[in-house]
Each structure stands twice: as structure tokens, then as C-alpha cells.
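Commentary on secondary and tertiary structure
If you want the building blocks of each chain, they are given just below.
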Amino acid sequence: RPTSELARVNAAAGVSSVVVGHDTWTVVERSIDWARRTDGAFDPTWATLRSLWDFRRRDPSPPTPAQVRERLSLVAWTAVELDPHARSIRLHRRGMALGLGGIGKGYALDRARVVLEGAGLRDFLLYAGGQVLASGTREGRPWRVGVQHPRATQSLLAAASMAAGSLSTGGDYEHFFVHGGRRYHHLLDPRTGYPVEHTVSLTVLDRTDMDADALESALFVMDPQRAMQMARELGVAVLRVGPSLVPELSPAMRGVLELRASPADLG
């Protein structure tokens, strides 16, 4: 929306700071924090690449290497200036843009939980695309949440029983096209400008949906070994599936997820 706070921040890139409200500030500030913690694997300034990749066109094709190189100079989370006293955001370079697609839905679910709890509700399940937030029980039983198989899309890869927490899943099967025998999908590496090839699906279980959403986006992009190392360091429950379709679980995820079948068996 051209009148949104985020649109105003992007329109003022390279020109001036923009004062924003509590919600926008909270999500952008947390986004920069995750960018710092993941060395840019999560980068909210990826949005300058968005117009290069159109997954809704009838005959989509990837951008040229020259087009990607030109935009990559504008993907730089370190060029985002946050002033907590004024609650303002400034993008230092013209053409930069913030996009909160890797964290915004998670924040929306966290806020929805606050609203429901404020109304006295304790038992509910919230769903927004690949993000699920569970609270309480379903008539005394834990909520059952499934993880979609990345290739056999009508089948479940795994399921979990949840009484509290947030499950966030991203996969290369959500928005994609095939061109020249190669799959191009919407989960871009902000450091290269191209879709990630070493991961096909990644699931994170965390306390808040905003952090689960952001961490899922970051770990999907990161080198697989570093991603699982970070999951162990943070004590976060992670399920990762690479091109070989062999599931890899972090220690915190073992005993939480019930694998329905080997992805290779179903694929």
C-alpha cells in the first residue's frame, strides 16, 4: 500500500528519516537484530530484488546476472539507520527498500495471540501460511500440527503435538517456476540475489512466532552446516530437508516431531 509506513520509509530512501508507529518499529528493529545475528542471511533490505522475480507471470523467467548485480548493491542491512529516541527509520541509499515478508506474519500472529488472551481465551490455534501458533489445548488434547512434504504436496512429512509455541515452515514449493530445467523459488539468498539451492524445506519451533518466522528464513538461507550449528547453539528445534530429501533434526526437535515417512520414500 503506497500510504503504509513501510512504503513511506522506502519512498524516502536516500533522502530522509521517517517516523513510524510501534508495530513497524518493533518489526524493523527485530529484523535488523536478526540480520546482525545471522551475518546478513536474514536481511530486510532484500525487497529491492522483489521486482526482478515475478512468480505469477504466465511465462516467468529469471533476471539476467547484470540485473541481479545492479540490485545487490542496494541489499545492505548495515545501511539502515534506526533512531530509537525519535522512533525513525532511514535508508541511506536511493533505491533501497525494506520488505518484512520473512518476519511480518509471525509478528501478526503474536499480536493476535495478545488480543485473544486479552479477551480471556486460552485455547486456540492460529494459522497464516507457513506459520502456526498454538495455545492451550483442543478440548483437553494437544493441538496436532502437520509439516507439508516438500515434494509430495498432498502428504505430511511430519506432525507435532503442541500446547504452546510457534511452528514456522518455509519451502521451495510455495512459489516457484521451472526454467531451463532449473527450479527458481521465492526464498532468495539476499547475499547472492538468487533462490537458495541447498535447502528445500525448513521448519522452526520457537516460543514466539516472530522469531520462529525470522529464524526459519535465516536458517533456510544459511550454509546447512552453519544453520544446524546455530540451531544447536540457540537450543532451537529445527527440521531441515535438503535436495537429497533426507530429514535432519536439531537435538531440540528430536522427540517433538513425529516423522511420517522419509521424504525420499514419498518423493
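What this report covers is the structure whose coordinates are included nearby.

How each quantity is defined
- Residues numbered from 1 in each chain as written.
- Predicted model: local features only at pLDDT ≥ 70, side-chain atom pairs only at ≥ 80, totals over all residues.
- Heavy atoms only, no water.
- Helix = DSSP H or I, 4+ residues; strand = E, 2+ residues; numbered from the N terminus.
- Expected span 1.5 Å × (residues − 1).
- Buried < 20%, exposed > 50% of the residue type's maximum accessible area, 1.4 Å probe, protein only.
- Contact = heavy atoms within 4.5 Å.
- Salt bridge = Lys/Arg side-chain N within 4 Å of Asp/Glu carboxyl O.
- Pairing = 2+ DSSP bridges.
- Axes fitted to C-alpha atoms, helices over the stretch in contact; angles between N-to-C directions.
- Polar contact = N/O pair within 3.5 Å; in protein donor to acceptor, adjacent residues only side chain to side chain.
- 1 Å grid on protein atoms, 1.4 Å probe; cavity = no way out; pocket = protein on both sides within 12 Å on 5 of 7 lines; lining within 4 Å.
- Points joined across faces, edges and corners; volume = space filled by probe spheres on them.
- Nonpolar A, V, L, I, M, F, W, Y, C, P; charged D, E, K, R; others polar.

**Focus on helix H2 (residues 22-37)**
Counted at 1.5 Å a residue, the expected span for H2 with its 16 residues is 22 Å, and the 22 Å between its end C-alpha atoms agrees. Buried within H2 are the following residues: Thr24, Trp25, Thr26, Val27, Val28, Ser31, Ile32, Trp34 and Ala35. Buried residues along H2 sit against helix H1 (5-11), strand E2 (80-83), strand E3 (88-91), helix H4 (104-118), helix H5 (209-221) and helix H6 (224-234). Phi for Asp39, located one or two positions after H2, is positive at around 55°.

**Quick notes on the pattern of salt bridges**
For the structure shown, the criterion picks out 12 salt bridges. Close ionic contact of Asp172 with Arg183 constitutes a salt bridge, the shortest N to O distance being 4.0 Å. Remark: Arg183 occurs in strand E10 (residues 182-185) and Asp172 occurs in the loop between strand E8 (164-171) and strand E9 (176-179); sequence separation between them is 11 residues. Given the relative accessible area of 4%, Asp172 is considered buried. The partner of Arg182 in a salt bridge is Glu197, with the nearest N and O atoms 2.6 Å apart. Taken together, the residues Arg182 in strand E10 and Glu197 in the loop between E10 and strand E11 (201-206) connect sequence positions 15 residues apart.

**Re the sheet that holds strand E5 (residues 131-135)**
Through backbone hydrogen bonds, the strands of a sheet pair up, either in parallel or in antiparallel fashion. As summarised here, the arrangement of the 6 strands in space is E4-E5-E8-E11-E12-E13, forming an open sheet in which the pairing is antiparallel. Because the sheet does not close on itself, it has two edges, and the strands there are strand E4 (124-128) and strand E13 (247-249). Strand-to-strand twist of the sheet, defined as the mean angle between neighbouring strand axes without regard to direction, takes the value 10°. In this sheet, E11 lies alongside E8 in antiparallel orientation, the contact comprising 6 bridges. Bridge pairing in E11 places Ser168 opposite Val204. Relative to the sheet, H4 contacts E4 and E5, its axis offset from that of E4 by approximately 155°. Packing of H6 onto the sheet brings it into contact with strand E12 (237-241) and E13, and relative to E12 it is tilted by some 165°.

**Details of the side chain of Ser4**
Along the chain, the position of Ser4 falls in the segment before H1. At 3.1 Å, the side chain of Ser4 and the backbone nitrogen of Ala7 are in polar contact.

**Comments concerning the layout of surface pockets**
Approximately 1,000 Å³ is the volume found for the largest pocket. Lining the largest pocket are 38 residues; nearest its centre among them are Trp46, Gly101, Gly102, His186 and Leu187. Within the residue set of the lining of the largest pocket, elements represented by two or more residues are H1, E8 and H5. Looking at the lining of the largest pocket, the element that brings in the most residues is H5, giving 6 residues. For the lining of the largest pocket, a count of residues per class yields 17 nonpolar, 13 polar and 8 charged.

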